[in-house]
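# Results of the structural survey
Take a look at the letters that make up each chain.
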Amino acid sequence: DAGVIQSPRHEVTEMGQEVTLRCKPISGHDYLFWYRQTMMRGLELLIYFNNNVPIDDSGMPEDRFSAKMPNASFSTLKIQPSEPRDSAVYFCASSGGLLGTQYFGPGTRLLVL
Amino acid sequence: QQQVKQSPQSLIVQKGGISIINCAYENTAFDYFPWYQQFPGKGPALLIAIRPDVSEKKEGRFTISFNKSAKQFSLHIMDSQPGDSATYFCAASLNNAGNMLTFGGGTRLMVKP
């Protein structure tokens, strides 16, 4: 298996622009998680899905952030409009089965100027 | 109630020494305690995990010690090597929260040659 795939790996954009991050989970996994990692706040859970349905989005910082999972093999995290404080590494992770082992993607490093 | 507190934030160990990272939790309903290892530029990856029905689990040089009454668990890295230099995260999950993990704040380990 190729593991969790994220794109793009790096994104540089200007304040006010829309940013879309993409994730392809491991085939057969029924949970998908979006995290944000910064030096100041560590690893934060933004939202997670079970069977393509959002279960908990309490970690989404504000309305500028939205996430979708239209099918079992694809999810997006969108920031509109982006702000410099959104600069971070965004990880997607997927899991399946009872053990709860989450497999993380390589992350998208976002820089908002 | 959902927090997992991790210490220290950073740790420097000489090659061959023992690295010890500690975590504490409040919610007694947590029933799965994994440790994740993250190298620079990579996503976190599962290192070792334990359930509360055992007090210790060992995999190679890595050992989890679990103290249910104290609500604490720790990671011991024996014979630490420079290649172990990474950020380590403890985590915990509830059996009725799907595969959602609550992560500690992370420990940046540096093993000096």
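Residues numbered from 1 in each chain as written. Chains lettered and ligands numbered in written order. Predicted model: local features only at pLDDT ≥ 70, side-chain atom pairs only at ≥ 80, totals over all residues. Heavy atoms only, no water.

Okay, the interface of chain B and chain A next. Opposite the 17 residues of chain B that make contact, chain A presents 22 residues. With both chains or domains summed, chain B and chain A bury close to 1,500 Å², and 53% of this area falls on carbon and sulfur atoms. Scanning the region where chain B abuts chain A turns up three residue pairs in polar contact (both at pLDDT 80 or more). Every element with two or more residues in the side of chain B that touches chain A is listed here: strand S4 (30-38) and strand S10 (101-103) of chain B. (Contact = heavy atoms within 4.5 Å. Buried area = accessible area lost by both parts, 1.4 Å probe. Polar contact = N/O pair within 3.5 Å; in protein donor to acceptor, adjacent residues only side chain to side chain. Helix = DSSP H or I, 4+ residues; strand = E, 2+ residues; numbered from the N terminus.)

Our focus in this paragraph is a nonpolar patch on the surface. Nonpolar side chains collect at one region of the surface, where Val12, Leu111 and Leu113 of chain A lie side by side and expose about 290 Å² of accessible area between them. Here valine 12 of chain A shows up in strand S2 (residues 10-13). (Patch = residues over 30% accessible without salt bridge, like charges linked within 9 Å, V, L, I, M, F, W, Y side chains within 5 Å. Areas by Shrake-Rupley, 256 points an atom, 1.4 Å probe, with all protein chains shown as cover. Salt bridge = Lys/Arg side-chain N within 4 Å of Asp/Glu carboxyl O.)

The subject of this paragraph is the state of the cysteines. Think of a disulfide as a covalent bridge from one cysteine sulfur atom to another cysteine sulfur atom. Applying the stated rule across the entire model yields two disulfides over all chains. Residue cysteine 23 of chain A pairs covalently with cysteine 92 of chain A via a disulfide, S to S 1.8 Å. The S-S bond linking cysteine 23 of chain A to cysteine 92 of chain A shows a torsion near -65°; that makes this disulfide left-handed. With cysteine 23 of chain A in strand S3 (residues 19-24) and cysteine 92 of chain A in strand S9 (residues 88-95), the pair connects residues that are 69 residues apart, well separated along the chain. Relative accessible area serves as the criterion here: at 0%, cysteine 92 of chain A is assigned to the buried category. One disulfide in the model links cysteine 23 of chain B with cysteine 90 of chain B; its S-S distance is 1.8 Å. (Disulfide = S-S within 2.5 Å. Buried < 20%, exposed > 50% of the residue type's maximum accessible area, 1.4 Å probe, protein only.)

Time to look at the pattern of salt bridges. Residue and element names in this part refer to chain B. This model, assessed by the stated rule, comprises 12 salt bridges over all chains. Where aspartate 31 meets arginine 51, a salt bridge forms, and the shortest distance between an N and an O atom there is 3.9 Å. With aspartate 31 in strand S4 and arginine 51 in the loop between strand S5 (45-50) and strand S6 (56-59), the pair connects residues that are 20 residues apart, well separated along the chain. Looking at aspartate 31, the relative accessible area reads 19%, which means it is buried. Linking lysine 57 and glutamate 59 is a salt bridge whose minimum nitrogen-to-oxygen distance equals 3.7 Å.

The tally for this structure, following the rule as stated, stands at 20 aromatic pairs over all chains. Note on phenylalanine 91 of chain A and phenylalanine 104 of chain A: the rings are 6.1 Å apart at their centroids and 80° apart in plane angle, and the pair reads as edge-to-face. Of this pair, phenylalanine 91 of chain A sits in strand S9 while phenylalanine 104 of chain A is found in strand S10 (residues 103-104), placing the two residues 13 residues apart along the sequence. Residues tyrosine 25 of chain B and phenylalanine 73 of chain B carry aromatic rings whose centres are separated by 6.2 Å and whose planes lie at 55° to one another, so their mutual orientation is tilted. With a gap of 48 residues between them, tyrosine 25 of chain B in strand S3 (residues 19-25) and phenylalanine 73 of chain B in strand S8 (residues 72-77) connect regions that are remote in the sequence. Taking the relative accessible area as the measure of exposure, phenylalanine 73 of chain B reaches 2% and is therefore buried. Connected via pairs of aromatic rings, a cluster forms that spans Tyr31, Phe33, Tyr35, Tyr48, Phe91 and Phe104 of chain A together with Tyr36, Phe89 and Phe103 of chain B. (Phe/Tyr/Trp six-rings, centres within 6.5 Å; stacked < 30°, edge-to-face > 60°.)

These figures come from the coordinates and say nothing about function on their own.
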